[in-house]
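# Structural features, examined
Okay, here's what each chain looks like letter by letter:
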Amino acid sequence: MNREFDYSVVDGIIDGNGRKISSVISILQDIQEHYRYLPREIFPYLADAVAVSEARIYSVATFYENFSLEPKGLYVVKVCDGTACHVRRSIPILNRLRSDLGLSERKVTTDDLLFTLETVSCLGACGLAPVLTVNDKVYPAVTPDKASQLVKSLREEATHAAA
Amino acid sequence: MLLRNREELRKARSVYAESLEKQRLKILVCAGTGCMAGGSPAIRDRLLALLRERNIACAVTLEKEPHGADVGIKQSGCHGFCEMGPLLRFEPQGWLYIRVTPDDCEEIVEKTVVNGEHIPRLAYRADAGVFERQDDIPFYRKQTRLVLEHCGQIDATSIEEYLAVGGYSAFEKALFEMSGDAIIDEVSRAALRGRGGGGFPTGRKWMQVKRQKATPKYLVCNGDEGDPGAFMDRSIMEGDPHRMLEGMMIAGFAAGASEGYIYVRAEYPTAVQRLRVAIRQACDFGLLGDNILGSGFDFGIRINRGAGAFVCGEGSALTASIEGKRGMPRVKPPRTVEQGLFAKPTVLNNVETFANVPQIILRGSDWYTGIGTKNSPGTKAFALTGNIVNTGLIEVPMGTTLGEVIFDIGGGIRGDAGFKAVQIGGPSGGCLTGEHLTLPLDFDSLKKVGAMVGSGGLVVMDDRTCMVEVARFFMNFTQNESCGKCVPCREGTKRMLAVLEGIVSGNGREGDIELLLELADTVSATALCGLGKAAASPVVSTVKYFREEYEEHIRNKRCPAGTCQKLKRLRIDPALCKGCSLCVKTCPAGAVTGEKKQPHTLNTDLCLRCGACIPVCRFHAVVEE
Amino acid sequence: MNREFMLIDGLPAPLQGEKNLLELIRKAGISLPTFCYYSELSVYGACRMCMVENEWGDLEAACSTPPKAGMKVRTNTARLRAYRRMILELLLADHCRDCTTCPKNDSCRLQELAVRFGIERVRFPNTAEAPDIDDSSPCIRRDKNKCILCGDCVRMCSEIQNVGAVDFAYRGSKMTISTAFDVPLAESGCVGCGQCAAVCPTGALGVKDDTRRLWEAVSDPQVKVVVQIAPAVRVAVGRELGLAEPENCMGRIVAALRRMGIDEIFDTSVGADLTVLEEAGELLSTLKKGSDLPLFTSCCPAWVAYCEKSHPELMRAVSTCRSPMQMFASLIKEHGKRSGRKVFHAAIMPCTAKKFEAARPEFRHGGAPAVDCVITTQELIRMIRESGLVFAELEPEAVDMPFGTVTGAGLIFGVTGGVTEAVIRCVSADKTPGALRAAAYTGIRGMSGSKEALVRVGDRDVKIAVVSGLAHAEELIGRIGAGEKYDFVEVMACPGGCVNGGGQPLASAFDREERGDLLYNADRMSSIKRSEENPLMMTLYNGLLKGKVHDLLHVHYRTENTGVSHA
């Protein structure tokens, strides 16, 4: 077991959800909420706690889209590409953000860990299409310019907070 | 406030009703996901601040003791008219203000709250003029809102308001006046069919679970509404969570279940939060827990958040996910009613189905079967999206025709385009065309034409939509969301997608349509679960109705709708080109050549069809064809 | 008599409690194709090859549909043929089709069914990436690109073995079978039992091939090649090598090996006799001392690895006896010191985990391993074929001296319960033939994965548990943890014991039983039934082993040598 990793947070989460296999998904969700991704160290630890193999935990974590094994950015931007948003041109928004942030389909998080850019299949806010979300806050009727501006202001907000 | 018996529940209901009655003016700020994103929380804050400034007593929660406050501000559920949000509704007048901004609040308080005046500039306008009252707007007039009756009408975060409008009366009646069999009988006579897509008779499902000997029995509410373009269930969970809980409690009592699970999509954080609040309130009031209202019935409800997998909308995948496993459907038998969640007998219904139950119990099956059609009684909520004027959430009696929904309620096609098709039932459904505008929307009629109600997403497409691209879009979705377990779905959809991608990018080959249909046949006949079996439906139905579009792509490398980027051909109109050579500098492929001040030419063999030259030409000489 | 029946392709088939249509249809003599069905694993129902058509034209997967009286199904309609062909075409599309260079050539189910259904073309482009081979494990070789995601290995590893080294990862067309974080198999929780490779229908999982190393040694004139052959090997080669009836092929194997140029050939059962004597001694002293834990056997290296990884706290109760292979290897190497030539020792084993055991640092002496190379039964079969020997025509020959005397006790080590029975024979004071019979009928024979017996030793009852399949071991450990008392526990990782080892040709439940019976027959035919009655033992203890018993026959495992990645 990795000795440097502080397991007290994970212990709290595991105890809060119950040490049983059926809690695995909610435990992973809580861990991801805390760390913004699933640190590798938690896998053998969680496997022990709920008495399944580490490969089984890995198998569950990789099945669901929302889990990330890589650290995610402070701002997780999700561009909706559901039907309604798609027909109202969500792809140009995605392309613009990718070029602004230097990201691609494969590289989804900026090196400074500020932004993660993903697509999501329908947020159910079709009336406001096209939409994107930043950490679950929905932004309606987005255009490539608006999205670009939003990212810029988020960056400023983050630098401001850091200073 | 713990209610210990039936009397206390009734008393609470009348107290809160009285309290609500006392409010001279009720302002319902839409707090559906759509309007919240449009800024409705800021509007609510602004209104509250302004009222406070003017010392107007206002209540944000319903108190037990009727109080002096004569204005109530409420966070209501989704009104459905998302296109026009953020929305504000005023009771008792029934006025609806649309596209409200915080800047409008000053005027709203001054005129509407203080003086009781209507502000015409904030009202909905159409050809016929200004519509003061929400109910008069054509979008609403043709609807029958039963399941959604409270959405936009009461505070979605308040059990007190739900009680004030008669909430939990059906549960009370079921608990104290009916046996499990009697409840199931009523639901069966109402012929309530599952609103999640399959249309399975709900009463029969409950009876099958009730008959099982194994214990405990579970109740699961499927709120994993994953179809792109569908948000009916979200609106119910957000807008009237108690109605759904009440339906679940009745079902739990009838089928003999002691524990209920609600599985909600991860993409619906507001729904999760509202449901959490609602469950906590119901527990505090003693409507959930042990020995509910002294009846001896124990029932609890928990929430499981999804983690991003469309396939979890399939029953056995959903229960696997609740059990903490990969959401992979399993083979049946055994069926969910025999061995569902934790291998115990399980009632699994979707959100809208449960939300139908309280009214059936309260008003009876005779009343219910008077709505809708004979074999599909009741109403159905649909989400209208796509190239339609009124995007939003609607509820109509089963059997309403497609044309009424699209033109009378939806306001027809956006812009000056014409109607082409509508995709119904999401990626598992099929498309309907102009010839189906008179088709009644109900389970059986849709099944007859190879479509399905599905969860109720209606994506409207205008005549500038390429149907091959639509099929590709849905296949891409299904392929991404395939769990990967069975070979036909995992490999078949992958290959179908590759063929479709070939067609839309100009690499279609003779025989592709036949290969698609052969794959579709294998996938639909042999896939393990319902989602897999339906995965090929968009392809089959678009080929059925728009085969010539496929052929045009394949044979002539042409997209009749003109949307497939890779099939666009660009040409420079020599009559318009002034030879400024801006396009030459822009073209990444060096496809444009020509002497300065002479009309240029575009070499289509080199052209990447990126279209970069189009906006740079000031003379509109680059034309697509 | 049960008169219920259903119609399969128009012919009546009586229902006899079959779990599903597939079993009934196979009983009716129809080889319904499947990739993902094994009767001992849970029903997965993913390959969709076994679908049948009912009287209404609906398709049902035979593996997951219970038979009902009056049911009518067809197994071979035009639609079904078309769908099966399409499924095969889809599976083949991204699959490596270089069959001739695949280790599973000729034993691959995908290949077999492609031939059977006449797949002559694949209309889809092959989009698979370059081969992705994991040969980190000394036992098992993985080639991910040959995986058809039937999940047999996953269910075997978790349901039967409770190891869970591999599982599904990701989903849809990105789905793979993977260890946690895709670490090499050697760094995973894998215990090397090889059961995954046994059930894998394609070349995705196979036994690591060490035949080249043995061939090299054989062709080196400076090297004396000595082999030992484990009991379970001799009862599993016949069918593969063209014998019509199942038989104990020890004599033919010896003959074949001599023709191949092996210098000395011995029978591992001699090692087993040593194990019996040592383990019996250990049991008696444990009984005398008294212990909170039972004495666990140590013959099975996959079990030892499992115990080290999952229950290190139990290692103190695992017998310090080396496995028969390692005991015998020590002897051979000790004996070889007397010969002038360098000795290369190969062990022919039913087991993949033996490859890992042989490589453990605990079994190195002066840098060299006692067993230089482990060859599984499957590899032996390939070597015999490669030599061009017509196995059926070989005259049986005897093993070499000086280790030529074997006992029935040593032979039955190859089947679950065998070790225990041999030890009971040894510790029991009653040495009559009747006592032998009594030992056989205590409940320790048979293919059940979890057996118990109560045996009188001296003035007390000894409570014994015999488990095979690590999930059964885990369940037993749970009961012991909960306070249940046992004195002696035999664990074999592979269900049914070594006869069903991961290195053997794939065995159905019927095959396992048959192989076990052949070993019990060999025991019945042997003139010496008890290990302690083997005259060779006396010679060894007074000779080669004198003063070296502990050094040569016992071991203290060091957990750091199990290669546990996450510990």
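If you're wondering where the values come from, they're calculated on a predicted model, not measured in any experiment.

What follows concerns the interface of chain A and chain B. In this complex, chain A contributes 34 residues to the contact, which on the side of chain B involves 47 residues. Close ionic contact of Glu33 of chain A with Arg305 of chain B constitutes a salt bridge, the shortest N to O distance being 3.4 Å. There are eleven residue pairs in polar contact (both at pLDDT 80 or more) connecting chain A and chain B. Listed by contribution, the elements that provide at least two residues to the side of chain A that touches chain B are helix 2 (24-35), helix 4 (54-63) and helix 5 (83-87) of chain A. Per-element accounting of the side of chain A that touches chain B gives the leading share, five residues, to helix 2 of chain A. Taken together, the residues of the side of chain A that touches chain B break down into 17 nonpolar, eleven polar and six charged.

Residues and elements named next belong to chain C. Spatial ordering of the open sheet is given by 13-20-19-18, a layout of four strands whose pairing is mixed. What marks the edges here is a single partner per strand, and that holds for strand 13 (295-296) and strand 18 (450-457). Both strand 18 and strand 19 (residues 460-468) contribute to a ladder of eight bridges, which runs antiparallel. Bridge pairing in strand 19 places Lys451 opposite Val466. Running over the sheet, helix 16 (residues 470-481) touches strand 13, strand 18, strand 19 and strand 20 (488-492) and is turned about 140 degrees from strand 19.

A few words on the packing of helix 20 (residues 512-526) of chain B against helix 22 (residues 537-556) of chain B. Residues and elements named next belong to chain B. At a closest axis distance of 10 Å, the pairing of helix 20 and helix 22 adopts a crossing angle of 160 degrees. Here helix 22 runs roughly antiparallel to helix 20, going by the angle between their axes. In this structure, helix 20 crosses over helix 22, and the sense of that crossing is right-handed. Every residue of helix 22 that contacts helix 20 at Asp512, Ile513, Glu514, Leu516, Leu517 and Ala520 is listed here: Val539, Val540, Val543, Arg547, Tyr550, Glu551 and Ile554. Looking at side-chain class alone, the contact of helix 20 with helix 22 contains nine nonpolar, no polar and four charged residues.

Taken together, the contacts link 32 residues of chain C with 31 residues of chain B. Taking both partners together, chain C and chain B bury about 2,700 Å²; carbon and sulfur atoms supply 58% of that area. In terms of surface lost to chain B, no three residues of chain C exceed Tyr83, Leu90 and Arg171 of chain C, which account for 23% of the buried area on that side. Taken together, the links from chain C to chain B amount to four salt bridges. As a salt-bridge pair, Arg123 of chain C and Glu518 of chain B come within 2.9 Å of each other at their nearest N and O atoms. Inspection of the region where chain C meets chain B yields 16 residue pairs in polar contact (both at pLDDT 80 or more). Among the elements that make up the side of chain C that touches chain B, the one with the highest residue count is helix 2 (residues 78-93) of chain C (seven residues).

Now for the domain arrangement of chain B. Residue and element names in this part refer to chain B. We note that the domain assignment places domain 1 (11-139), domain 2 (167-369), domain 3 (379-462), domain 4 (467-556) and domain 5 (568-624) within chain B. The gap between the C-alpha centroids of domain 1 and domain 2 is 32 Å. With eleven residues of domain 1 at the interface, the matching set in domain 2 holds twelve residues. Around 750 Å² of area is buried between domain 1 and domain 2 when both sides are counted, 42% of it from carbon and sulfur atoms. Taken as a group, Arg13, Thr33 and Cys78 account for 55% of the area that domain 1 buries against domain 2, more than any other trio of residues on that side. Applying the counting criterion to the domain 1 and domain 2 interface returns one salt bridge. Across the pair Glu172 and Arg13 runs a salt bridge, and its minimum N-O distance is 2.9 Å.

Our next topic: the pairing of strand 18 of chain C. Residue alternation in strand 18 of chain C divides its side chains into a buried set, Lys451, Ala453, Val455 and Val457 of chain C, and an unburied set, Ser450, Glu452, Leu454 and Arg456 of chain C. In textbook terms, the turn of a hairpin is the stretch between consecutive antiparallel strands, and for strand 18 of chain C and strand 19 of chain C this stretch comprises two residues, one of which, Gly458 of chain C, has a positive phi near 60 degrees.

Residues and elements named next belong to chain B. Considering the arrangement of structural elements, one finds Gln281 in helix 12 (residues 269-284). Of the polar contacts made by the side chain of Gln281, one reaches the backbone nitrogen of Ile159; its length is 3.2 Å. Setting aside anything within four residues of it in sequence, one finds Gln281 in contact with Thr157, Ser158, Ile159 and His242.

Let us now look at the domain arrangement of chain A. Its domain assignment divides chain A into domain 1 (8-63) and domain 2 (75-162). Each of domain 1 of chain A and domain 2 of chain A has a C-alpha centre, and these two points are 28 Å apart.

Thresholds applied
- Residues numbered from 1 in each chain as written.
- Chains lettered and ligands numbered in written order.
- Predicted model: local features only at pLDDT ≥ 70, side-chain atom pairs only at ≥ 80, totals over all residues.
- Heavy atoms only, no water.
- Contact = heavy atoms within 4.5 Å.
- Salt bridge = Lys/Arg side-chain N within 4 Å of Asp/Glu carboxyl O.
- Polar contact = N/O pair within 3.5 Å; in protein donor to acceptor, adjacent residues only side chain to side chain.
- Helix = DSSP H or I, 4+ residues; strand = E, 2+ residues; numbered from the N terminus.
- Nonpolar A, V, L, I, M, F, W, Y, C, P; charged D, E, K, R; others polar.
- Pairing = 2+ DSSP bridges.
- Axes fitted to C-alpha atoms, helices over the stretch in contact; angles between N-to-C directions.
- Parallel < 35°, antiparallel > 145°, perpendicular 65-115°, else oblique.
- Left-handed = near helix turned anticlockwise from the far one by under 90°.
- Buried area = accessible area lost by both parts, 1.4 Å probe.
- Domains from an automatic or database assignment.
- Buried < 20%, exposed > 50% of the residue type's maximum accessible area, 1.4 Å probe, protein only.

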